[in-house]
Structure formats: C-alpha cells, structure tokens
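The primary structure of each chain is shown beneath.
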Amino acid sequence: MANLSPLRFQTRLYYVLVALGGLIVLIGLYAAHMMEQHGHIITGMNNQIVWGTPHVFAIFLIIAASGVLNVSSIGSVFNKPAYKARAPLAGLLSIAMLAGGLTVLMLDLGRPERVIVAATNYNITSVFAWNILLYSGMFAAVVMYLWTMMEKRMKAWSKPAGFLVLIWRFILTTGTGVIFSFLVVRQAFGTAILPPMFIVISFAWGMAVFHIVQSSIYAWNLKILDEYVQKRMRNLMGLFVIAALYFVATYHLTNLYFAKQTEFEQFILVSGGVYPLLFWVGYVLVGNLLPLVLIYHPAFGKTRSVIAASLLIIIGGFSLLYVLIVGGQAFPLSIFPGYEVSSSFGDGFIGQYSPSMPEILLGLGGVGIAFLITAIGIRVLDFVPREIPKTPLK
Amino acid sequence: MNDTNVQRRQFLKTSVGAAAVAIAPGMLLFDMAHGKTEAVSNKVRWGMLIDTANCADGCNDCVNACNKENGLSGGLSPTDSQWIRKIELKDKLTGRELSLPMMCQHCENPPCVDVCPTGASFGRADGIVLVDKHLCIGCRYCMMACPYKARSFVHEALHDQKPDVPRGKGTVESCTMCVHRVDKGLQPACAEACPNKSILFGNLNDPESEISRKIRTVASIQVRADLGLNTGVRYQGL
C-alpha cells in the first residue's frame, strides 16, 4: 500500500510533529478547563477589554479559513489548472482552520457547556446567530466540494460546488466583518468598510498560510514546486497584500478626516503605546513592506523568500487584529461627547489589558487543532497537488 | 330517593371536598411562588428621571444601595461588577462640572438585545431590559454593543447571593431596575436611597404620573440620544 501513496513522508518526523501538535491541543484544552473552573479572572480580559487574545487567534483562523479557499475558487470557478490541482488542499486547510478558530471562540465563552443553547434559542436579529449558520454551512459546503473533487463520479458537480463555496465564503467573511461593523458606538468599529476589508485581508492571509503548508509538504515529500506555479502564486499574494493595505489605509484616513474620530486615531496610530507600535512595526513594516520586498525584489522571490514573506504576513495579520480588536476596546466609549469623564468603572480612561498565559495557550490550541487536522488529512487522503510541470526541466 | 342515590351523592360530595383539600395548599404555594399572576404589559413603561443638579459630588448612596440590594461585592477592580456608578463630568469648553449616576438605560431599542445570539438579553413589555441567566452563554457581545458600558461580566464564582437576584459566573449582568422590587410595587433601591431625591422613578406611559408630568415641564435629555435608542432613563441639567 505504502508505495501507492503519493506521499513519502519522513515518517518519524511526521509522528513527532503530530505528537507535538497533539500536545499543543491538549495544553490548549487544559487552559480552557482552567478558565472554566476559575472563571475569566485568570485571563487578562475585564469589563472594558471584553474580547482579548483568544478572539485575535479565532478571528485570524476564521478569516484565513475563508481566504485560503481563493486557491480553490481560482481553480474550480475560473478554471486555472495550476490552482485546480491545489483546490483539495485549500479545502482541507479551510476546514482545519475553521475548526480551530471556532473551537477557540467556543471555549472562551463564559459558559462553554451551554453552547447548545445557541442552537436551541436562536435570536434572528443577532449577527452572532447568523454566523452560527454561516460557519456550519461553510463546513458542509466545503466537505461537499471536496467530495465532488475527490470522487470521480461527482467530478461534474465540482464547478457548481466550487461556485457555492465561493459565494458562501464571501458571505461568511462579510458576516465576520459585520460582527464589528454593527457596533455603532465603538469608534474603532461601526463602519461598513470592515466587511470588504476583512474579505481582501482574508485573501492575503489565506494565501500566506497556503504557501507555508504547500512548501512544507513539498519539502517533506522531496518534491520541487514548479517555478511557474511558484511565481504565479507568489505574485498573486503580493497583490492581495497591497490591496489589503489599501483598505486598512482607507479605514484610517477616513477616520482621520472626521473630527469626532481624530482622538481615536491619535491613540491608535501615535500615542497608544503598544497599539501604534504593533500597527506600524508589526503590521505595516513586518506584515506588508518586508513581505513585498521579499516577493517583488528581483534578488528574492525564491521558495525561501516566499516562505519568509508568508510568515511575516501572518505575523502582520495577528498584529493588525490585536490593534483592531484589543486597541479598539481599550479606547474609552464616548458616552458624553464634549466632556472629560472619570468614574470607578474606567470611564474616560484607556483600558488596561495584558494577555495571560491561559488565553495564549487556548489560542495556540486552536492553531494546534488546525495543524492536526491538516497533517492527518494529507496523510490519509489524497490532498497533495499533482501536476505536470510547465517549466521545462533543466 | 333510594339509598343508592343518597350514597352516590354522599360519595361525590366527599370526593370533591377531599380533592379541594388536597389541591388548595398546592395552589396557594404556586401563587406565592409566582407572585403576581398578572403578566407585565406595555401599558407601563418604567423609567427614571435623574436630576444632575441635585446629584451631590462624592455622594455614593445610590451605588451602595444597589450593591446591598443586589448582593454585589462593591469591589472596584476592572473585573468587578458595577451595575451603577457615579461619573464625574467636566465640560471641556466651559469647565462646568457635574456628577451623575450611570447604569443600564433600559432602551426601547436596546443594542444588547439585538446582538445577543441566544435571546438571553431581552426587554420586558414594561421596558425593563434584563439578562436571562439560564440562556446567557457568556459571549459578551452585548458588552461590546452597549453604548453606556452598563454591563458587567461575572469573572469568578459568587458567594452569598440574594435569592431575589439571580447571578452566575460566566454570565453577563447589569442593572435590573430592581425588577424584583418593582414587581412588588416598590421603588428601585437607588431611587429610594438618594438623599436628595434626585432619582425619580415612575411610569412614563401614564400621563398623570409624577415622572411624566415632570418631563413635560423641565428640559431633560437621553444620553446619546443621537443613537435613537429611546432610553427609559433621562437626565435633567446635563
């Protein structure tokens, strides 16, 4: 059987990595258990910063889960053979990251054991409730899509299934953005630019994750990625990074123009301590400028540069989400515009937050889940791209 | 009348009597447990008018009364629950200073109710906004959505709770307008405790109530009225 498999994993390394992934998942689950037992008092979250590090991890994973499907869409819907060969792997990654992200979100609830209530008592006006349907529908749609691609008799259906997934993920990422854009009173949120911004950002982050996974698989299997494919995918990732930066810039520039928002922008871009630092260094420099140099500069652009660029894009992604989610809550609500306010409940003051170990471990546990699903998935099923190289062999 | 008929009537009488004796205490207890059987209706809209001119700087009587009534610890750390708090304000341009109590504004269109995925946040017909502690899953989306920072999350296990005020670790809570007192015909604890009678509680839907008469004659505003939430709590002198 073994020689029929398209994979030639370095078996020992594979088991070590799976065990490591399993350990990270277990530690994450233990962290969640501690949070449930002691309450959120052991996290850094409080009544002002109500969503913290777990949400940064979860939203990154969910956004990337949607974006990685771009590879599938370009293949199945727009008929690009280089991407078509990669569509199953993209589908697997999407399911894996969605599972990881949702697990983190669920385990961070104050009462995770009641999560079933979200299904039995459904509030139709809640975008959170809509997202429950969007996420479960996404699982179903992607599984169906994978089936049409992997089962020969279903091949004819793979294009319509791919189309469904394309539409569904657009709605899903819109839904994720809308969670924030519906928050009318929060100065960081409450704007309709967030859903499209999340969609474009998802393309960049999804592509970055895909590059890393693809390169790892190829390296393990001693396969060499076709240069033509590498170049195409690399340039596309660069384009997505630029587009995402454009949306982020537009978001801040619009805010800067509104007098009522300038204090918030001053905080998030200049005076807010860790938040401006993460924005300018973490997101703009590490997450955009460096990757763009690695992608487009003629001296770089080879496999290692692309992997490095992808890693930097992911670091930039976490930075941006931290600034948006945590920084957005740290800035005080404007309850009495025009007044200086103070109270025993932090009114008028910047909220304090430092991530605690249980939160970070829970978040990493989500990444561990995504890793495990991917690693086991590509081992037991045929997810590795197979194609005839376009670049002539030297 | 023959004997059989008499006996039968006797039997029926005794049975009905016995049934009544058996059921009555149960009915009585049921009634006691449920309080008023009459459902709340939207004929009433409970509200408050807070006179900021009379609200003394440094006075915390309303906050203390709320803590006592609802079994809150009174702790002031960022993870402690504060259902009502005093805010000190200073007009940035004119320098005018004032002090006022801030709590759930019991909106007619509450953002917390809109965003709650399970319907745990709900508005009663009489305008009081509450959290059903059995449905709340602790997602904290309502805290993100509330314009008044009125909600607290229970970050750790609670002890010595009040039987009338259900609370629970891992759920969100806020001012209930002392619904357990209001349903008994009493005033909310904060309104009763205010030494200057700065918190006027009453039925906004009754044109003859004191609060309705007052808001017809004095200038009062809703905080962040621009949001269009139609709050049940109004402020005078702001």
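Residues numbered from 1 in each chain as written. Chains lettered and ligands numbered in written order. Predicted model: local features only at pLDDT ≥ 70, side-chain atom pairs only at ≥ 80, totals over all residues. Heavy atoms only, no water.

1. As for the layout of surface pockets
All names here are of chain A. Approximately 970 Å³ is the volume found for the largest pocket. Taken together, 45 residues line the largest pocket, and the ones lying closest to its centre are Gln 187, Lys 260, Phe 331, Pro 332 and Ser 334. Considering every element that reaches the lining of the largest pocket, the biggest residue donor is helix H11 (residues 262-271), with five residues. Taken together, the residues that form the lining of the largest pocket break down as 19 nonpolar, 16 polar and ten charged. In this structure, the second largest pocket spans a volume of roughly 780 Å³. What lines the second largest pocket is a set of 26 residues, among which Val 209, Ile 212, Val 213, Val 367 and Phe 371 lie closest to the centre. Of all the secondary structure elements, the ones that give two or more residues to the lining of the second largest pocket are helix H1 (11-38), helix H2 (53-67), helix H5 (87-107), helix H9 (194-220), helix H13 (303-330) and helix H14 (357-380). Residue contributions to the lining of the second largest pocket peak at eight residues, all from H14. Of the residues belonging to the lining of the second largest pocket, the class tally is 22 nonpolar, four polar and no charged. There are two domains that each give the lining of the second largest pocket at least three residues, and those are domain 1 (13-181 + 356-382) and domain 2 (183-208 + 215-338). (1 Å grid on protein atoms, 1.4 Å probe; cavity = no way out; pocket = protein on both sides within 12 Å on 5 of 7 lines; lining within 4 Å. Points joined across faces, edges and corners; volume = space filled by probe spheres on them. Helix = DSSP H or I, 4+ residues; strand = E, 2+ residues; numbered from the N terminus. Nonpolar A, V, L, I, M, F, W, Y, C, P; charged D, E, K, R; others polar. Domains from an automatic or database assignment.)

2. Topic: the interface of chain A and chain B
The interface is formed by 54 residues belonging to chain A together with 53 residues belonging to chain B. Both sides together, the interface formed by chain A and chain B hides about 4600 Å², and carbon and sulfur atoms give 58% of it. Ranking the residues of chain A by area buried against chain B places Asn 47, Tyr 339 and Phe 345 of chain A at the top, with a combined share of 16%. Counting every contact that joins chain A to chain B gives three salt bridges. Here Arg 85 of chain B ties to Asp 347 of chain A by a salt bridge, and the two come within 2.5 Å at their closest N and O atoms. The interface formed by chain A and chain B includes 34 residue pairs in polar contact (both at pLDDT 80 or more). When contributions to the side of chain A that touches chain B are tallied by element, the ones reaching two or more residues are H1, helix H6 (117-120), helix H7 (127-150), helix H8 (158-181) and strand E1 (339-343) of chain A. Per-element accounting of the side of chain A that touches chain B gives the leading share, five residues, to E1 of chain A. The residue inventory of the side of chain A that touches chain B, partitioned by class, reads 26 nonpolar, 20 polar and eight charged. With five bridges joining them, E1 of chain A and strand E2 (residues 84-91) of chain B adopt antiparallel strand pairing. Across the sheet, Val 341 of chain A pairs through a bridge with Leu 89 of chain B, a residue of E2 of chain B. (Contact = heavy atoms within 4.5 Å. Buried area = accessible area lost by both parts, 1.4 Å probe. Salt bridge = Lys/Arg side-chain N within 4 Å of Asp/Glu carboxyl O. Polar contact = N/O pair within 3.5 Å; in protein donor to acceptor, adjacent residues only side chain to side chain. Pairing = 2+ DSSP bridges.)

3. So, the domain arrangement of chain A
Residue and element names in this part refer to chain A. One can read the domain layout of chain A as domain 1 (13-181 + 356-382) and domain 2 (183-208 + 215-338). The C-alpha-based centres of domain 1 and domain 2 are spaced at 20 Å. With 37 residues of domain 1 in contact, the opposing surface of domain 2 contributes 35 residues. Across the interface of domain 1 and domain 2, roughly 3100 Å² is buried in total on both sides, 77% from carbon and sulfur atoms. The three residues of domain 1 that bury the most area against domain 2 are Val 56, Phe 60 and Phe 180, which together make up 22% of that side's buried surface. Connecting domain 1 to domain 2 are zero salt bridges. In this assembly, domain 1 and domain 2 are joined by seven residue pairs in polar contact (both at pLDDT 80 or more). Looking at the side of domain 1 that touches domain 2 residue by residue, the class counts come to 22 nonpolar, twelve polar and three charged.

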